[in-house]
Amino acid sequence: MNENTFNYNNPAMRFLTNLFNIFWVNILFIFTCIPIITIGPSLCALYRVCLKIISGEDPMVYHTYFQEFKSSFKKGLILWIIVLVGCGFFGYELYLIYFSDLVPDSMSFLQYPVWVMLLLLIQIFLYGFALLSIFENSLKNTIINSILLSIKHIPTTILLLAVWLFTPLLVNTFPQIFYGVAGCELFFNLALRVYICSVFLHKAFDLKKIKIGKGGEAYEQSYDDLIEYIDPDQKPSDDDEDEEEEYEPDELDDVDDEDDDNDEYEEDDSDEEDSDEDDDESESEDEEDSKED
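Residues numbered from 1 in each chain as written. Predicted model: local features only at pLDDT ≥ 70, side-chain atom pairs only at ≥ 80, totals over all residues. Heavy atoms only, no water.

**Q** Quick question: what am I supposed to make of the overall build of the protein chain here?
**A** Each helix and strand in the protein chain was counted, giving nine helices and two strands. The helix and strand sequence of the protein chain, counted from the amino end, reads α-α-α-α-α-α-α-α-β-β-α. Out of the 293 residues in the protein chain, the part that is buried amounts to 30%. Considering only contacts within the protein chain whose residues lie at least 6 apart along the sequence, 66% involve residues at least 24 apart. Taken as a whole, the protein chain presents about 20,000 Å² of accessible surface, with 59% of it coming from carbon and sulfur. (Helix = DSSP H or I, 4+ residues; strand = E, 2+ residues; numbered from the N terminus. Buried < 20%, exposed > 50% of the residue type's maximum accessible area, 1.4 Å probe, protein only. Contact = heavy atoms within 4.5 Å. Areas by Shrake-Rupley, 256 points an atom, 1.4 Å probe, with all protein chains shown as cover.)

**Q** Help me understand helix H7 (residues 154-173) in this model?
**A** Every α-helix winds through 3.6 residues per turn, so residues three or four apart in the chain are directed the same way. With 20 residues, H7 ought to run about 28 Å at 1.5 Å a step, and its terminal C-alpha atoms sit 27 Å apart, in line with that. At Leu165, H7 is bent by approximately 40 degrees, the largest bend along its length, and proline Pro168 sits one to four residues beyond. Thr156, Thr157, Leu160, Val163, Thr167 and Val171 are the residues of H7 that are buried. Tucked into the core, H7 has its buried residues touching helix H5 (111-134), helix H6 (139-152) and helix H8 (178-204). (Expected span 1.5 Å × (residues − 1). Bend = angle between axes of the 7 residues up to and from the residue.)

**Q** Teacher, can you tell me more about the confidence of the model for the protein chain here?
**A** For any part of a model where pLDDT is low, the fine detail of the predicted coordinates should not be relied upon. Summing up the model confidence of the protein chain, the mean pLDDT is 77 and the portion of residues at 70 or higher is 68%. The secondary structure element of the protein chain with the lowest average pLDDT is helix H9 (residues 238-292), at 50, and the one with the highest is H6, at 94. The low-confidence segment residues 223-253, where pLDDT is below 50, has eleven contacts with residues more than four positions distant or belonging to other chains. (pLDDT = per-residue confidence, 0-100.)

**Q** Just to check I follow, could you spell out the packing of H7 against H8 for this structure?
**A** A pair of packed helices is captured by two measures, namely the crossing angle of their axes and the spacing between those axes. It is the contact of H7 with H8, at a shortest axis distance of 11 Å, that shows an interaxial angle of 175 degrees. Of the possible angle classes, the one that applies to H7 and H8 is roughly antiparallel. On the side of H7, the interface is formed by Thr156, Leu159, Leu160, Val163, Trp164, Thr167 and Val171, while H8 contributes Phe178, Val181, Glu185, Arg193, Val194, Ile196, Cys197, Phe200 and Leu201. Tallied by class, the residues present in the contact of H7 with H8 amount to twelve nonpolar, two polar and two charged. (Axes fitted to C-alpha atoms, helices over the stretch in contact; angles between N-to-C directions. Parallel < 35°, antiparallel > 145°, perpendicular 65-115°, else oblique. Nonpolar A, V, L, I, M, F, W, Y, C, P; charged D, E, K, R; others polar.)

**Q** How should I be thinking about a nonpolar patch on the surface in this particular structure?
**A** A grouping of Phe20, Phe23, Ile27, Leu186 and Phe187 is seen on the molecular surface, where their side chains present a nonpolar patch of about 490 Å² in accessible area. Tallying contributions element by element places helix H1 (residues 11-32) first for the nonpolar patch, with three residues. Note that Ile27 resides in helix H1. (Patch = residues over 30% accessible without salt bridge, like charges linked within 9 Å, V, L, I, M, F, W, Y side chains within 5 Å. Salt bridge = Lys/Arg side-chain N within 4 Å of Asp/Glu carboxyl O.)

**Q** Sorry, what's going on with the pattern of salt bridges here?
**A** Where charged atoms of side chains with opposite charge meet at close range, the side chains can pair. Applying the stated criterion across every chain yields a total of three salt bridges. The shortest N-O distance in the salt bridge between Arg193 and Glu185 comes to 2.7 Å.

**Q** Just checking my understanding: could you explain the packing of aromatic side chains for this structure?
**A** Think of a pair of aromatic rings as described by two things: how far the centres are apart, and how the planes are tilted against each other in angle. Per the stated rule, a full pass over the model turns up twelve aromatic pairs. Note on Tyr65 and Phe66: the rings are 5.4 Å apart at their centroids and 80 degrees apart in plane angle, and the pair reads as edge-to-face. Of the residues examined, Tyr65 reaches a relative accessible area of 0% and is grouped as buried. The exposure class of Phe66 is partly exposed, given its relative accessible area of 25%. (Phe/Tyr/Trp six-rings, centres within 6.5 Å; stacked < 30°, edge-to-face > 60°.)

Here's what the structure looks like:
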């Protein structure tokens, strides 16, 4: 049997390990979401584990999950209450506008600010819990950053929204598969959904990713490091680099030669000045002797 079959760096082994980690963290997520009110901290912990997996790390799922659950409990709880209460309130407002006789048709323009507020809450839900799990920041700045990121990465925001709405739309279209989908959600799909979202968020946050080289060496790489040349002619060849390397010492040698020549000229000038001074002194001595005579 090949020795690399059960090597951790083997792609097949990494895939199976990640698959088991997603299954394990899904069970922990369901367990901590039972009180409903703790869904916020549970989402932070789930994002933390999934983002670590995508980064190429092998997290200790149980330890990492509950450590993040504890550290982000307060902020995650407050953020979840804001999203839950806000969506419930504005959802009820839309119900009154569309399906109730309490709001006359002349006041239908009220739906636009309600939709705007509901959209902001969705943006906070898509980005806020992942930001809390990775970055240490105040709750106010986290909310602001969530809105700014969702506007900056509009395609990513659309994909995140599609991932979260896929299962409800599927069940609404095919009601007969409800029990099968519910079983998948309990055992795997909840964490899998967050894992798929984490793939897009990892790139949006520009996080480092650990890559394994051919020699088994690990190194970090960000998405900014993945630069490709649009024009192949722009990429410098090895011959050009060799020519540049050979040319630089020649320039330095020429400069050194010029400095040596200047030093020689200066020494010659100094010797001539010394000889002139000696001649002047000898002449002055001769004149003094002639005067004495």
